[in-house]
Amino acid sequence: MQISAAFRRSLQPLFWVVAIAIVSLAGLRGLFDPADKTRCSSLLNHGSWLDSERTHWQPKGCMLRTYDIQHITTCMSGSRVVVIGDSVARQLYYAIVKKVLPDANTEGNRHSDIYFQDPTSGTSFEFYWDPVLNMTKTASLLTGSSNRVLGKEVQTPTIFLVGSGLWYLRYPEWSGGVERWQQVMENLVRQMGSSRLEPLARHLFISPIPTVNTEKLSEERLHTLLPVDIDNMNNYLRDATKDTPVSVPFSWNKMREAAGNQTNDGLHYVEKVVTVEADVLLNYVCNNRVPKIAPMSATCCYSYPSNHWYQTLMLAIFLIWLPVGYILQTYYHGHPVSRFFPSVGILHSFAVVAAAVMYMYYADRTSLFAKGSKMFSAPSSIYLVFLCLMAGSMTLKRSEKDQAFLNRDQTDEWKGWMQVMILIYHYVGASSISAIYNPVRMLVASYLFMTGFGHFVFYYKKADFGFNRVASILVRLNLLTILLAYTMNTDYLAYYFAPLVSFFYLVIYGMMYIGHSHNHNPLFILSKILVTSILTATAIHRPLVLGSMFKLLHFVFGVTWSAAEWRFRLQLDVWIVFIGALFAYGFTKAQEVSITTHPQWSVIRKTSIIASAIGLLGYFSFAASIQKFEYNHWHPYISWIPILSFVVLRNSTAPLRNTVSTFYTFVGKCSLETFICQFHMWLAADTKGILVISPWVEGVGAWTINLALSTFLFFTIAHVLSGATGELSDWLITGREPKPKGRPAVQTVPLTVVTNTSDKEYESGAGLPVAVKRQSVMVSPIAASAGAVGPATLKSLMEASLELGESNAITSQAGRMGQKIEVQLPNDHSKGTKTGQSPTSAFGKSSDSGSRDDRTQDGVVLQIDASRVGRVRSGGVVASAAPPSADAFKRLWMQPGWKVAIFFTVIWVLNYGST
């Protein structure tokens, strides 16, 4: 179904209104619940199980860390953990101990005190049996009057937890029942929360009265542990601890209620459930004490770290410098300060990129948005794949003309459906499933195959090895990645796709550049591919090479990259890039000999189709039969089989070759942005979790609603961001301005002015140019101001235009800065100009413009400010005649060496500040 351009334009405001509304609603949570900015309350009170096995607990709005020995040691090295209470409290105590001492003996006298100490960290774990909290040692611990407990020196505990209440229900005759328990709890809360010179503990907890599974309780317990009494006691405990330093993890009861049959006696739950209870306690205590480095995958009861200076600098540029530039360029364009800002068109592109980066920053580096953990679910994965297959099949479009082999629409579609599969793979957390992980590795290899194929074909046919092309590609690939690396305070290599493609692009460029005058010699080009592949593979596999390179980068720039991780990424796909280059060479040679006209072409085609079908079936059978770690050894040598098979089958018939899905091509056109932005915009914690932008939705359907809203927002922003980063990258390298949006197209007049006037005459505007020549490219802000465009040029253009007779000059305003005049020059003039050139050659279409449609090119509009600083507007492109000092700076910027020097200087300064 075709959608008109007008209809698409009318939808854009609606999309942005919906997007802004979603972000606003998600962000307003901080206003309605300011007391839970770190989500400690959510951790202690709310949550649900992610899996039917009851091993992954999801607190509301945050990500739970599964604590291990390393993290516990970092948090509590040399600390003291004290637990007092009954058998349920003892079970929790053992769960904490076994996280640090997995071989700890949990057998022995169950109604006795227990003590463990980690010999490595010195952390002590103490349990005191006192189910009704009436023993002398409990009173000593609560008052701090005892100097020794269990023969050990006393120090302030990090965790102090009391668990009691069940014995008051089971034995009301001698314990005093619920009324006595309430008195004990009142005194306990008062003692634990009282002000004292030495605090009782860093973190104080009272365990809620545990809920029970009445179906599995013994007869005796069934008549004494009544659910209504347990609920009343917990309600009392909630009120008694309100506005006190004592915390009650009521989420433990939610775990038990949802755990169902994960108990043998209806009261004590299995170890895996109690271990998650221990993790809730440890997340509350330790999440703010472990190192706060990316990925920040533990967000419960977590305060995000303060910004480094370079993060603040990035945000200041986005929030201060950018709005100031808009105001100056829009309302005070003649002000001298405005020369330090680019044009409005570039500021608009910059604003789009800045808004997207800031959204990702506030989404993934603050507690403003909720985060959720990932848990693989086969039904959810199949559901998402089915939806995407339906979207692709419903948007199929067949070209009226026969398209070329691996045409642009086809490669965009290829990138699109691969990106969709990778996104689903990340969203559902399928990395542990070998049958899914293995084919996804092949999808990444396919991107690199296209890198080798596309760049080989370009350099083989065009032989354009200029700096601008290389720089444009590298900036386009890395601009967003570098901005995010410093704004998010994370590792550049963590966004592995852009560095990976950049590395192999440079390898292909170097291979094609060396001896490029002989590239059409078959023996030479094949030898280059072979030698380059061997040298590249050797450099990757030799630890000394990458290790030395990364040490040098650390010494010069202060970056700390993992050579082992980068080697793993490179060696997985080291050969597929060169296979893509070989395939590209074979493809170009087949075109040269018109292989489709060969008498045996029908046999070749059928043989290729059969071989490709067998290759695909064989690959997927093999990939599904082995584990991921074993597959990684095979991948570099077999990934070419499914890729070449797909390429052959995709182009095997005219209908297949000429039919593409507009949904997948849409995604493919912004595949770079979706791959990078998913780290912080669709997912969270650098892909370790998912971003939750619908925190007001709970229960059944919450996951689906959040997925729909976040996906809509994700693709809307990624699509707009793709165009903005392309325009910004192009401007940074070539100085070209983005085309004006929403305005009629007019013919531009790119000019080079040659003058023989003196500097004094040039500055005064007294001299007239000798000749006006046409260029084949549009004059950019930097290029124009770096040339000889000044008031004299504007004066001569005005005089030449006024002599045409058909011109229409309108005086718009006069002021202190001079007179502004707009001149409309028609396309077809019969009179010559003062310089002896015809009007068409001076202001018409350039010689290499081809058969462009003249219907939308009504003429050329020159807006001239005949003041001390002149300006010419040509088709929406503004060229500023800056003073000599600014001209000199921009001339330096147009030199490749200075661009590289400025880039590395900026990187050095930013990294120096981060070390």
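Residues numbered from 1 in each chain as written. Predicted model: local features only at pLDDT ≥ 70, side-chain atom pairs only at ≥ 80, totals over all residues. Heavy atoms only, no water.

Enquirer: Teacher, can you tell me more about the overall build of the protein here?
Expert: In terms of regular secondary structure, the protein is built from 37 helices and 22 strands. Here the protein holds 915 residues, and the buried ones make up 49% of them. The long-range fraction of contacts in the protein, counting pairs at least 24 apart against all pairs at least 6 apart in sequence, stands at 75%. Carbon and sulfur atoms form 61% of the exposed surface of the protein, whose accessible area is close to 43,500 Å². (Helix = DSSP H or I, 4+ residues; strand = E, 2+ residues; numbered from the N terminus. Buried < 20%, exposed > 50% of the residue type's maximum accessible area, 1.4 Å probe, protein only. Contact = heavy atoms within 4.5 Å. Areas by Shrake-Rupley, 256 points an atom, 1.4 Å probe, with all protein chains shown as cover.)

Enquirer: I would appreciate a short explanation of the state of the cysteines in the present structure.
Expert: Put plainly, a disulfide is one covalent bond tying together the sulfur atoms of two cysteines. Applying the stated criterion to the full structure yields 3 disulfides. Residue pairing for Cys40: its cysteine sulfur links by disulfide to Cys301, the two sulfurs lying 1.9 Å apart. Judged by the sign of its S-S torsion, about 80 degrees, the cystine formed by Cys40 and Cys301 is right-handed. Here Cys40 is found in helix α3 (residues 40-45), whereas its partner Cys301 is found in the loop between α13 (271-286) and α14 (309-331), with 261 residues between them in sequence. Judged on exposure class, the residue Cys40 and its partner Cys301 are both buried. Disulfide pairing is shown between Cys62 and Cys300; the S-S distance is 2.0 Å. Here the disulfide of Cys62 and Cys300 is right-handed, its torsion about the S-S bond being about 90 degrees. On the criterion of sequence distance, the pair formed by Cys62 in the loop between β2 (57-59) and α4 (69-76) and Cys300 in the loop between α13 and α14 is long-range, its members being 238 residues apart. Cys300 carries the same exposure label as Cys62, and that label is buried. Across the protein, the way the bonded cysteines pair up, counted in sequence order, is 1-6, 2-5, 3-4. (Disulfide = S-S within 2.5 Å.)

Enquirer: Mind showing me how you'd approach the pattern of salt bridges here?
Expert: Opposite charge on two side chains lets them pair, provided their charged atoms get close. Evaluation of the coordinates by the stated rule reveals 17 salt bridges. For Arg650, the salt bridge goes to Glu413, with nearest N and O atoms at 2.7 Å. In this pair, Arg650 is assigned in helix α27 (residues 640-650) and Glu413 in helix α17 (residues 408-427), connecting sequence segments 237 residues apart. For the residue pair Arg650 and Glu413, the accessibility class agrees, reading buried in each case. Because the salt bridges share partners, they merge into one network encompassing Arg408, Asp412, Lys415 and Lys669. (Salt bridge = Lys/Arg side-chain N within 4 Å of Asp/Glu carboxyl O.)

Enquirer: Where do I start with the side chain of Asp573 in this structure?
Expert: Relative to the helices and strands, Asp573 is located in the loop between α23 (563-572) and α24 (576-592). The exposure class assigned to Asp573 is buried, which follows from its relative accessible area of 0%. Side chain to side chain, Asp573 and His635 meet in a polar contact 2.9 Å long. With residues near it in sequence (within four places) discarded, Asp573 still touches Arg441, Val444, Ala445, Leu448, Leu500, Phe504 and His635. (Polar contact = N/O pair within 3.5 Å; in protein donor to acceptor, adjacent residues only side chain to side chain.)

Enquirer: Looking at this structure, how should I read helix α11 (residues 227-240)?
Expert: Side chains three or four residues apart in an α-helix point the same way, a direct result of the helix having 3.6 residues per turn. Helix length check: α11 (14 residues) gives 20 Å between terminal C-alpha atoms against 20 Å at 1.5 Å per residue, within 8%. Residues of α11 that are buried include every one of Ile230, Met233, Asn234 and Leu237, and no others. Projected down its long axis, α11 shows its buried positions confined to an angular sector of 100 degrees, all on one face. Summarising the geometry of α11, the exposed residues directed more than 90 degrees from the buried face are Val228 and Asp239. Summarising the contacts, the buried residues of α11 are in contact with α7 (166-170), α9 (177-193), β9 (203-206) and α12 (251-259). (Expected span 1.5 Å × (residues − 1). Arc of directions from axis to C-beta.)

Enquirer: I'm lost on a nonpolar patch on the surface in this one. Help?
Expert: A cluster of nonpolar side chains, contributed by Trp309, Leu313, Leu552, Phe555, Val556, Trp908 and Val909, occupies part of the molecular surface with about 710 Å² of accessible area. Secondary-structure elements contributing two or more residues to the nonpolar patch are α14, α22 (543-557) and α37 (896-914). Along the chain, the position of Leu313 falls in helix α14. (Patch = residues over 30% accessible without salt bridge, like charges linked within 9 Å, V, L, I, M, F, W, Y side chains within 5 Å.)

Enquirer: Where do I start with empty space enclosed by the protein in this structure?
Expert: Which parts of space are left empty comes out when a probe the size of a water molecule is rolled across the atoms. The full count for this structure, using the stated rule, is 3 cavities of 30 Å³ or more. Of the volumes computed, that of the second largest cavity is approximately 60 Å³. Lining of the second largest cavity is provided by Asp86, Val88, Ala89, Gly163, Ser164, Gly165, Leu166, Ser207, Pro208, Ile209 and Pro210. (1 Å grid on protein atoms, 1.4 Å probe; cavity = no way out; pocket = protein on both sides within 12 Å on 5 of 7 lines; lining within 4 Å. Points joined across faces, edges and corners; volume = space filled by probe spheres on them.)

Enquirer: Help me out: how do you make sense of the sheet that holds strand β5 (residues 124-129) in this one?
Expert: Backbone hydrogen bonds are what pair the strands of a sheet, in a parallel or an antiparallel way. Spatially, 6 strands are ordered β4-β5-β3-β8-β9-β10 in an open sheet, and the strand pairing comes out mixed. Either end of the sheet is taken by a strand with one partner, and the two such strands are β4 (114-117) and β10 (246-247). Two elements, β9 and β10, share 2 bridges in a ladder whose sense is parallel. Its bridge partner lying in β10, Phe205 is registered against Ser247. Across the sheet, helix α5 (residues 87-100) is in contact with β3 (80-85), β4, β5 and β8 (159-163); its angle to β5 comes to roughly 165 degrees. (Pairing = 2+ DSSP bridges. Axes fitted to C-alpha atoms, helices over the stretch in contact; angles between N-to-C directions.)

Enquirer: Hey, could you run me through the environment of Lys688 in this one?
Expert: As for its position among the elements, Lys688 is in the loop between β14 (683-684) and β15 (689-692). Separated by 261 residues in the primary sequence, Lys688 and Tyr427 have C-alpha atoms spaced 9.2 Å apart. With residues up to four places along the chain from it excluded, the contact list for Lys688 reads Met63, Pro295, Ser297 and Lys374.

Enquirer: Can you walk me through the sheet that holds strand β11 (residues 370-373) in this structure?
Expert: Reading across from one edge, β11-β15-β14 is the order of the 3 strands in this open sheet, with antiparallel pairing throughout. The sheet terminates laterally at β11 and β14, the two strands that pair on one side only. Across 4 bridges, the pairing between β11 and β15 is antiparallel. Bridge pairing in β15 links Ala370 to Val692.

Enquirer: Hey, could you run me through unusual backbone geometry in this one?
Expert: For residues besides glycine, phi is generally negative; the peptide bonds are generally trans as well. Ala294 connects to Pro295 through a cis peptide bond whose omega is -5 degrees. Its location among the elements puts Pro295 in the loop between α13 and α14. At Leu406, a position not held by glycine, the phi torsion is positive, near 50 degrees. Among the secondary structure elements, Leu406 is positioned in the loop between β12 (396-398) and α17. Looking at Leu406, the relative accessible area reads 12%, which means it is buried.

Enquirer: I tried to follow the packing of aromatic side chains on my own but got confused; where do I start?
Expert: Remark: the centre distance and the inter-plane angle together describe each pair of aromatic rings, the angle taken between the planes. Within the structure shown, the criterion is met by 52 aromatic pairs. Ring geometry for Tyr619 versus Tyr631: centroids 6.4 Å apart, planes at 70 degrees, classification edge-to-face. With Tyr619 in helix α25 (residues 601-623) and Tyr631 in helix α26 (residues 628-638), this pair connects stretches of sequence that are 12 residues apart. For Tyr619, a relative accessible area of 4% translates into the label buried. (Phe/Tyr/Trp six-rings, centres within 6.5 Å; stacked < 30°, edge-to-face > 60°.)

Enquirer: How should the nonpolar core be read in this particular structure?
Expert: What tends to happen in soluble globular proteins is that the nonpolar side chains get buried as a cluster. Counting 127 residues, the largest nonpolar core has Phe456 and Met512 as its most contacted members. Excluding its chain neighbours within four sequence positions, the residues that come into contact with Phe456 are Ile508, Met511, Met512, Ile525, Ile529, Ala581, Ala584 and Tyr585. Ranked by size, the runner-up nonpolar core spans 83 residues in total, among them Val189, Ala201, Val274 and Ala278. (Core = buried A, V, L, I, M, F, W, Y, C linked by side-chain atoms within 4.5 Å.)

Enquirer: Even after reading the chapter, I still don't get the packing of α14 against helix α19 (residues 467-487), so can you show me in this structure?
Expert: Each pair of packed helices can be described by the angle between their axes along with the distance between the axes. Running from amino to carboxyl end, α14 crosses α19 at an angle of 120 degrees, the nearest separation of the two axes being 8 Å. Viewed along their axes, α14 and α19 adopt a mutual orientation that is oblique. Residues Tyr310, Gln311, Met314, Leu315 and Phe318 of α14 pack against Leu483, Tyr486 and Thr487 of α19. Of the residues in the contact of α14 with α19, the class split is 6 nonpolar, 2 polar and no charged. (Parallel < 35°, antiparallel > 145°, perpendicular 65-115°, else oblique. Nonpolar A, V, L, I, M, F, W, Y, C, P; charged D, E, K, R; others polar.)

Enquirer: How do you make sense of the confidence of the model for the protein when you look at a structure like this?
Expert: Should pLDDT be low for a region, the predicted coordinates there are not to be read in detail. Here the protein shows a mean pLDDT of 80. Residues at 70 or above account for 78%. Contacts from residues 146-152, a stretch scored under 50 in pLDDT, to residues over four places away or in other chains number 17 contacts. Below a pLDDT of 50 lies the segment residues 743-887, which in the model reaches 242 contacts outside its immediate sequence neighbourhood of four places, other chains included. (pLDDT = per-residue confidence, 0-100.)

Enquirer: Can you help me understand the pairing of β5 in this one?
Expert: In summary, the side chains of a regular strand alternate between the two faces of the sheet. When you tally the buried positions in β5, you get 6 out of 6 residues, the bulk of the element. Both faces of β5 are covered, namely the face carrying Ser124, Glu126 and Tyr128 and the face carrying Phe125, Phe127 and Trp129. Sheet topology places β3 next to β5; 6 bridges connect them, and they run parallel. Bridge pairing in β5 links Arg80 to Ser124. Relative to β5, β4 runs antiparallel, the two being bridged by 4 bridges. Within β5, the position partnered with Gln117 by the bridge is Ser124.

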